[in-house]
Amino acid sequence: MTSSAPGGTLTLADDLTISRMGYGAMQLAGPGVLGPPKDRDQAVAVLREAVDLGVTHIDTSDYYGPVVVNEIIKEALHPYPADLRIVTKVGARRGDDGSWNPSLEPDDLQAQVRENLRHLGLDALDVVNLRLGSFEGDSDESIAEPFGALAVLQQQGLIRHLGLSGISSAQLTEAQTIAPVVTVQNLYNLAARKDDDLVDRCEAENIAFAAFFPLGGFSPLQSETLTGVAARLEASPQQVALAWLLQRSATTVLIPGTSSVTHLRENIAAASLELPADAVARLDSIGR
């Protein structure tokens, strides 16, 4: 653990240590995660502030924008700080209507990896997550072909580490027979607790569990219990929800997104919020 990294750090491999409080860059695109942001200078400022606050873990994808967000990251931070780790995702393409369309063919996965490399200005990607079609991670369909395609790119040196997004425990097990998995990204928050067992498994196996939509995403968390605990602790409900996730397991990592420097600072402050045991017990009741 380091005092300068919000939430402390998590070491997943000899060359992969990340701040547990990361930053998700999706909101740096325009409305609907399409096109450029209204204020590009503000987007650049948010990224630079995140790094200044000790964040060493940025989550992105070339299909944010598409391309726009990765180009902003490059503009804001390249040449990248030595300790910064950028985690990206492949497995989807954007339709002209803004739709998110699965694209898991090996040839296109290779193309997506090369596009991420080019737009981020990198020779190798720190972590690439294979994104499957479901946010829920409730399918046991084989992922051997697409994950194997990424493993080949890892062997070629274009990817350092591999992860998974939107997967089941069975799919994690299958992937581990092909190549090591360092990260899992699934929908998880105070109210969405289906993956409790997977969170525990990731902790036991020292795999980072990145809870996406930590504040509810398109359906923001609303709970009288959460509001009450937050009032008692003199914090915002959002900060309490983030702090609960950090205390949920030692390998939970957060990637909340924002396009506001002020909101970014509020999110980062959640990493310093200690929840007493009785507050955790009350919060646990929300999702159970």
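Above this text is the structure in question.
Residues numbered from 1 in each chain as written. Predicted model: local features only at pLDDT ≥ 70, side-chain atom pairs only at ≥ 80, totals over all residues. Heavy atoms only, no water.

1. Side note on the packing of helix 2 (residues 68-77) against helix 3 (residues 106-120)
This is how it is decided: Only the stretch in contact is used when fitting a helix axis, every axis being a line fitted to C-alpha atoms; angles between N-to-C directions are given from 0 to 180 degrees. Going along the chain from the N terminus, every DSSP run of H or I of four or more residues is numbered as a helix, and every run of E of two or more is numbered as a strand. Here a residue-residue contact requires only that any non-hydrogen atoms of the pair lie within 4.5 Å. Following the grouping adopted for this structure description, the nonpolar residues are Ala, Val, Leu, Ile, Met, Phe, Trp, Tyr, Cys and Pro, the charged ones are Asp, Glu, Lys and Arg, and the polar ones are all others, Gly among them.
It is at 8 Å that the axes of helix 2 and helix 3 come closest, and there the two elements cross at 35°. Mapping the contact onto sequence places Asn70, Glu71, Ile73 and Lys74 in helix 2 and Asn116, Arg118, His119 and Leu120 in helix 3. Grouping the amino acids of the contact of helix 2 with helix 3 by side-chain chemistry returns two nonpolar, three polar and three charged.

2. Observations regarding the sheet that holds strand 10 (residues 181-187)
Using the following cut-off: A pair of strands is considered paired only if DSSP assigns at least 2 bridges between the two.
Here eight strands make up an open sheet; going across it, the order is 3-4-5-8-9-10-11-12 and the pairing parallel. Every interior strand has two partners, whereas the edge strands, strand 3 (23-24) and strand 12 (252-254), have only one. Two elements, strand 4 (residues 57-59) and strand 5 (residues 85-90), share three bridges in a ladder whose sense is parallel. Across the sheet, residue Ile58 finds its bridge partner in strand 5, namely Ile86. On top of the sheet, helix 4 (residues 144-155) reaches strand 5, strand 8 (125-131), strand 9 (159-165) and strand 10; it is set at about 165° to strand 9, its chief contact.

3. Considering unusual backbone geometry
Residues other than glycine predominantly adopt negative phi, and peptide bonds predominantly adopt the trans conformation. With an omega of -15°, the peptide bond running from Gly65 to Pro66 counts as cis. With respect to the secondary-structure elements, Pro66 resides in the loop between strand 4 and helix 2. Here the bond from His78 into Pro79 is cis, since omega is 0°, no more than 30 degrees from zero. Mapped onto the fold, Pro79 is located in the loop between helix 2 and strand 5. In this structure, Val33 is a non-glycine residue whose phi angle is positive, near 60°.

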